[in-house]
Amino acid sequence: MREVDSETMKIVVCVKQVPDSWAEKTLRPSDNTLDRESVDAVMNELDEYAVEEALRLQEAQGGEVVVLSMGPSQATDTIRKALSMGADAGVHVVDDGLHGSDAVATSLALAKAIEAQGADLVIFGSESTDARMSVVPAMVAERLGLPQLTFSSSVAVDGGTVRTNRVTEYGYDVVEAPLPALVSVVEKINEPRYPSFKGIMAAKKKPVQTLGLADLGVAAGEVGLGAAWSVVAEAAARPPKAKGTIVADDGSGGVAIADYLSAQKFI
Amino acid sequence: MAAVIAPVDRILPTSEARDLLALAAELADRELATRAPAAEASGTFPREVFDLLGQAGLLALPYPEAVGGGGQPYEVYLQVLEELAARWLTVPLGISVHVLSCFPVIAWGSEEQQERWLPQMLGGTTIGAYCLSEPHCGSDAAALTTRAERDGGVYRVTGTKAWITHAGVADFYNLLVRTGGRGAQGITCLLAPSGTPGLSVAAPEQKMGMSASPTAQVLLDGAEVDAADRIGAEGDGFRIAMQALDAGRLGIAACAVGLARGALDAAVAYARERQAFGQPIVGFQGLQFMLADMDTRIHAARALLLDAARRKDAGLPFSIAAARAKLFATDMAMSVTTDAVQVLGGAGYTTDFPVERYMREAKVLQIVEGTNQIQRVVIGRALATG
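Residues numbered from 1 in each chain as written. Chains lettered and ligands numbered in written order. Predicted model: local features only at pLDDT ≥ 70, side-chain atom pairs only at ≥ 80, totals over all residues. Heavy atoms only, no water.

## Description of the side chain of aspartate 47 of chain A
Tracing the backbone shows aspartate 47 of chain A in helix H1 (residues 45-61). Separated by 2.8 Å, the side chain of aspartate 47 of chain A and the backbone nitrogen of lysine 16 of chain A make a polar contact. (Helix = DSSP H or I, 4+ residues; strand = E, 2+ residues; numbered from the N terminus. Polar contact = N/O pair within 3.5 Å; in protein donor to acceptor, adjacent residues only side chain to side chain.)

Here it is as structure tokens:
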């Protein structure tokens, strides 16, 4: 266990830029990866909660909040948003060789970047609205040898210990680990703040470090579409919604509905 | 969170302006669009929204950073108002009135007055009201009759101010009053905090729209205003008022562009969904032409507005440009919101859809900050006298 002086605690928050979750998403015909250029991009919503939690921990006990994002050049917008909410510095992992990386490769690049930062606490949103796998936080923790406290609805740091409420199907578990550690958060944890205009102005002056694969010491063959464990072979657009079934109630409506639900295996 | 309104592709001067517009759109989608229908139906002033926007720094954008403002050009500030107006007119109209109410102290206040007033005015925790009109004098502002008599260290003010936005919810009131003889030269600007003895507010007007934004008479019955809160000299009031209105007109024009954009967005969304004769009605050219005209006129109004704003930002004369922008944008908004109701047909006439409300709201924009007839007087006079 490492004694962490809370006033110098360094929190790294991982954020991802995703297509607006309500936007129509398409795949690029050339390689069946998500077309990120044709849709409005926003900060993954759960990552706003992660940034908020980091800022609250910092406000309560000091330290530094660094926001880390891996993504194409426009992901700087998402980093800047976190900075305008109040984070102190940004790290942008960007490299053409990362295009098409799966979760395993993503976790490698993020782990290398976190390692270089020397974080006492790493915070993730518990899933992204585009991939929705929820595995990257666990994979990063595994790569870094950190305890992982996932799906947290509350986070408290006390000296060298972090304690969270881990949401489960039946309620929550109270879990505790020594720092350094990795936490992922759910939306119950807080209410993220909006940036302020002052924050926007301040964000312009905050440092953002740009790192490529070579800076991270990651070989090109370890990441990107070529290294992905699975590929999308082909894709088809979702078929248009079929018309619903209308049951005219001539007294036997209840039976007809029950038959329908039974046929659909609902009852 | 869904983008409630389709985004506008803007040319903005700086990256912070881009981030500011993104923040305005996000706040508008999450905090304004969601609240507007219920608040307008019940006539509830959204003070909590103004507090939130104040915290975000959006209530003082066009004023210098040195006095606590955002230091943003009008070009940017007005587009922020437009983003908000595309979701809920009451809020940006209120901001425009607040910004107007801060103008006299910023442009004419002494150093001592600025130090005393500006931190609270621009700090995002207060909102202002601007009291120029009277029951029998709106356009003919120089005929106002509210009387202020100097009595030692105070002015005693008696009269009635009418059509006052934020009456009853404002934290401070700009009062244009008569200290001298008849005409524009006899008018003086005073600043009164809410709670000034002798200042009270009548019951709010029952209006055809903008129910969430209170409008009422401000009653002055020997109201005692500290002489230290006179802005400018006695007799400067009319010039202060007219200067403030030039800038205020740009705010109204921006509100009109946003309101029309909200209406077009609702009309397009409906036309894409609604089926008739076996296809979405947006496929009919007659309807497409209507939408195309609405879209073009919105863009034309925005261009006119931004031209006037850039003149102001460059320190050039902009009164005529502001009058043109206010005239065109608000007439446009009336027409576009009316057409939006037409696109939705019977549905548009019901309160199940927002366009009937937009149409009612548009009407007031042709009236406030100088009726559109007054704008024509301003433009026409310049043509007549050369």
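## Some details on the pattern of salt bridges
The final tally for this structure, using the stated rule, is 39 salt bridges over all chains. Linking aspartate 77 of chain A and arginine 80 of chain A is a salt bridge whose minimum nitrogen-to-oxygen distance equals 3.4 Å. Of the two residues, aspartate 77 of chain A and arginine 80 of chain A are both situated in helix H2 (residues 76-85); the distance of three residues between them amounts to about one turn of the helix. On the basis of relative accessibility, which here comes to 29%, the residue aspartate 77 of chain A falls in the partly exposed class. On the accessibility criterion, arginine 80 of chain A (16% relative accessible area) is buried. It is possible to trace a salt-bridge network through shared partners that takes in Arg10, Asp29, Glu82, Glu83, Arg87, Arg261 and Arg302 of chain B. (Salt bridge = Lys/Arg side-chain N within 4 Å of Asp/Glu carboxyl O. Buried < 20%, exposed > 50% of the residue type's maximum accessible area, 1.4 Å probe, protein only.)

## Some words on the sheet that holds strand S5 (residues 89-93) of chain A
Residues and elements named next belong to chain A. An order of S9-S8-S7-S10-S6-S1-S4-S5-S11 is seen for the nine strands of this open sheet, with the pairing classed as mixed. Across the chains shown, the open sheet's two edge strands, defined by having one partner strand only, are strand S9 (171-178) and strand S11 (208-211). Taking the axes of each pair of neighbouring strands and ignoring which way they run, one obtains an average angle of 30° across the sheet. Here strand S7 (residues 148-158) pairs with strand S8 (residues 161-168) via six bridges, running antiparallel. Looking across to S8, one finds that alanine 156 is bridged to arginine 163. Across the sheet, helix H3 (residues 103-117) touches strand S1 (10-14), strand S4 (64-70), S5, strand S6 (121-125) and S11, and the angle it forms with S4 is around 155°. (Pairing = 2+ DSSP bridges. Axes fitted to C-alpha atoms, helices over the stretch in contact; angles between N-to-C directions. Contact = heavy atoms within 4.5 Å.)

## Some remarks on unusual backbone geometry
With an omega of -5°, the peptide bond running from leucine 179 of chain A to proline 180 of chain A counts as cis. Along the polypeptide, proline 180 of chain A turns up in the loop between S9 and strand S10 (181-185). Non-glycine residue lysine 265 of chain A carries a positive phi angle of around 65°. Structurally, the position occupied by lysine 265 of chain A is in the segment after helix H7 (253-263). The phi angle at phenylalanine 277 of chain B is positive, at roughly 50°, despite the residue not being glycine. Among the structural elements, phenylalanine 277 of chain B can be located in the loop between strand S9 (275-276) and strand S10 (279-280). Exposure remark for phenylalanine 277 of chain B: the relative accessible area of 80% places this residue in the exposed category.

## A look at helix H3 (residues 47-55) of chain B
Residues and elements named next belong to chain B. Of all the positions in H3, only Val49, Phe50, Leu53 and Gly54 are classed as buried. Looking straight down H3, one finds its buried side chains confined to an arc of 140°; they lie on one side. Lining the buried residues of H3 we find helix H1 (15-32), helix H4 (74-85) and helix H5 (90-108). Positive backbone phi, at 85°, marks glycine 57, one or two positions downstream of H3. (Arc of directions from axis to C-beta.)

## A few points about the packing of aromatic side chains
Residues and elements named next belong to chain B. Evaluation of the coordinates by the stated rule reveals five aromatic pairs over all chains. An angle of 75° between the planes, with centres 5.1 Å apart, marks the rings of tyrosine 74 and tyrosine 77 as edge-to-face. With a gap of three residues between them, tyrosine 74 and tyrosine 77 both fall in helix H4, about one helical turn apart. Per residue, the accessibility class of tyrosine 74 equals that of tyrosine 77, and both read buried. Measuring from ring centre to ring centre gives 5.5 Å for tyrosine 270 and phenylalanine 353, while their planes differ by 85°; the resulting arrangement is edge-to-face. Residue tyrosine 270 is found in helix H7 (residues 237-273), and its partner phenylalanine 353 is found in the loop between helix H9 (319-344) and helix H10 (355-365); the two are separated by 83 residues along the sequence. Positioned over the ring face of tyrosine 74 is lysine 312, at 4.6 Å from the centre of the ring. (Phe/Tyr/Trp six-rings, centres within 6.5 Å; stacked < 30°, edge-to-face > 60°. Lys NZ or Arg CZ within 6 Å of the ring centre and 35° of its normal.)

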